[in-house]
Amino acid sequence: MKTRHKAREIALQTLYAMDFNGQLDAGHIPQAFSGVDEKEYESMEDEVKLFARYLVNGTIENLEEIDQLIGQYSLNRPVERIDVVDRNILRLSVFCFLYDKEIHPNIVIDEAVKLSQEFSTDVTYKFINGILDTMSKKLPLAFSKRGSGKEEEVQK
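To keep things clear, this report deals only with the structure shown in the data block. (Residues numbered from 1 in each chain as written. Predicted model: local features only at pLDDT ≥ 70, side-chain atom pairs only at ≥ 80, totals over all residues. Heavy atoms only, no water.)

### Re the pattern of salt bridges
Right, so step 1: Counting across every chain of the model gives 10 salt bridges.
Right, so step 2: For the salt bridge of Arg4 with Glu47, the shortest nitrogen-to-oxygen distance reads 3.8 Å. Residue Arg4 is found in helix α1 (residues 3-20), and its partner Glu47 is found in helix α3 (residues 46-61); the two are separated by 43 residues along the sequence.
Right, so step 3: For Glu47, a relative accessible area of 31% puts it in the partly exposed group.
Right, so step 4: When the shortest N-O distance is used, the salt bridge between Asp133 and Lys137 registers 2.9 Å. Of this pair, Asp133 and Lys137 both sit in helix α7 (residues 124-138), four residues apart, which is roughly one turn of the helix.
Right, so step 5: Residue Asp133 is classed as partly exposed on the basis of its relative accessible area of 28%.
Right, so step 6: Lys137 gets classed as exposed once you look at its relative accessible area, which sits at 58%.
Right, so step 7: What emerges from the salt-bridge pattern is a single network uniting Arg8, Asp110, Glu111 and Lys114. (Salt bridge = Lys/Arg side-chain N within 4 Å of Asp/Glu carboxyl O. Helix = DSSP H or I, 4+ residues; strand = E, 2+ residues; numbered from the N terminus. Buried < 20%, exposed > 50% of the residue type's maximum accessible area, 1.4 Å probe, protein only.)

Written out as structure tokens, the structure is:
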């Protein structure tokens with residue numbers, strides 16, 4: 001499994017658990033990742049740990065702005081009515097859109113779709129893809145001077 005994809009999975013699981021428990025704020029960022037036991041954590045590559053922590057912390061630190069942007073593009077569903085898994089996939093993705101200049105928007109969208117297919121229902125990937133694709137087209141200035149579209153991935 002690719003290192004960055006594994007980190008996204010871990011970040012999604014952690015954000016999901018925090019959101020589900022009503023603890024999605026900076027005061028409740030866990031030291032450990034949700035769904036990862038001590039043995040698994042110890043065997044995890046440092047890059048996975050660092051990137052997952054970056055995604056969790058960055059998403060939570062910018063949650064208000066991220067949710068506002070999702071709300072602008074999710075016209076038929078307010079953010080709080082989006083399924084918990086899908087909402088946190090969108091949050092991770094929007095965080096990357098806004099703050100990670102190294103990852104091309106097409107890769108962000110592709111990874112979001114993969115996470116949705118792995119962790120959500122069969123049809124929600126279309127909802128996620130639609131919101132993120134529209135967002136990437138309507139916010140072109142935010143995506144100028146981005147990475148080449150080739151995210152460095154390390155095979156695990």
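### Comments concerning the nonpolar core
Right, so step 1: Formed by 44 residues in total, the largest nonpolar core has its most connected members in Leu90, Val94 and Leu132.
Right, so step 2: Elements supplying a minimum of two residues to this core: α1, α3, α4 (63-73), α5 (84-99), α6 (105-119) and α7.
Right, so step 3: If sequence neighbours within four positions are ignored, Val94 has contacts with Ile66, Leu69, Ile70, Leu132 and Met135. (Core = buried A, V, L, I, M, F, W, Y, C linked by side-chain atoms within 4.5 Å. Contact = heavy atoms within 4.5 Å.)

### Regarding α3
Right, so step 1: A rise of 1.5 Å per residue sets the reference length of α3, with its 16 residues, at 22 Å; its end C-alpha atoms lie 22 Å apart and thus fit the reference within 8%.
Right, so step 2: Those residues of α3 not exposed but buried are Val48, Lys49, Phe51, Ala52, Arg53, Leu55, Val56, Gly58, Thr59 and Ile60.
Right, so step 3: In the core, the buried residues of α3 are packed alongside α1, α2 (38-43), α4 and α5. (Expected span 1.5 Å × (residues − 1).)

### Some thoughts on the environment of Asp67
Right, so step 1: Of note, Asp67 is situated in helix α4.
Right, so step 2: It is 7.1 Å that separates the C-alpha atoms of Asp67 and Arg91, two residues lying 24 residues apart in sequence.
Right, so step 3: Beyond its immediate stretch of four places on either side in the chain, Asp67 contacts Val79 and Arg91.
Right, so step 4: A polar side-chain atom of Asp67 sits 2.8 Å from a polar atom in the side chain of Arg91. (Polar contact = N/O pair within 3.5 Å; in protein donor to acceptor, adjacent residues only side chain to side chain.)

### Description of the packing of aromatic side chains
Right, so step 1: This model, assessed by the stated rule, comprises five aromatic pairs.
Right, so step 2: Pairing Tyr54 with Phe95 gives two aromatic rings, centres 5.2 Å apart and planes at 65 degrees, and the pair type is edge-to-face. Here the residue Tyr54 occupies a position in helix α3, and Phe95 occupies one in helix α5, the gap between them amounting to 41 residues.
Right, so step 3: Overall, Tyr54 belongs to the partly exposed group, its relative accessible area being 32%.
Right, so step 4: Among the aromatic side chains, those forming a connected cluster through ring pairs are Phe51, Tyr54, Phe95 and Tyr99.
Right, so step 5: Stacked on the ring of Phe51, the Lys or Arg Arg4 has its end atom at 4.1 Å from the ring centre. (Phe/Tyr/Trp six-rings, centres within 6.5 Å; stacked < 30°, edge-to-face > 60°. Lys NZ or Arg CZ within 6 Å of the ring centre and 35° of its normal.)

### Some thoughts on α7
Right, so step 1: In this model, α7 (15 residues) spans 21 Å end to end at C-alpha, consistent with the 21 Å of a helix rising 1.5 Å per residue.
Right, so step 2: Among all positions in α7, only Thr124, Phe127, Ile128, Ile131, Leu132, Met135 and Ser136 are buried. What you see down the axis of α7 is that its buried residues fit within an arc of 155 degrees, all on one side. Turned more than 90 degrees off the buried face of α7, the exposed positions are Lys126, Lys137 and Lys138.
Right, so step 3: Buried residues in α7 make contact with α4, α5 and α6. (Arc of directions from axis to C-beta.)

All we've got here are geometric facts, nothing functional implied.
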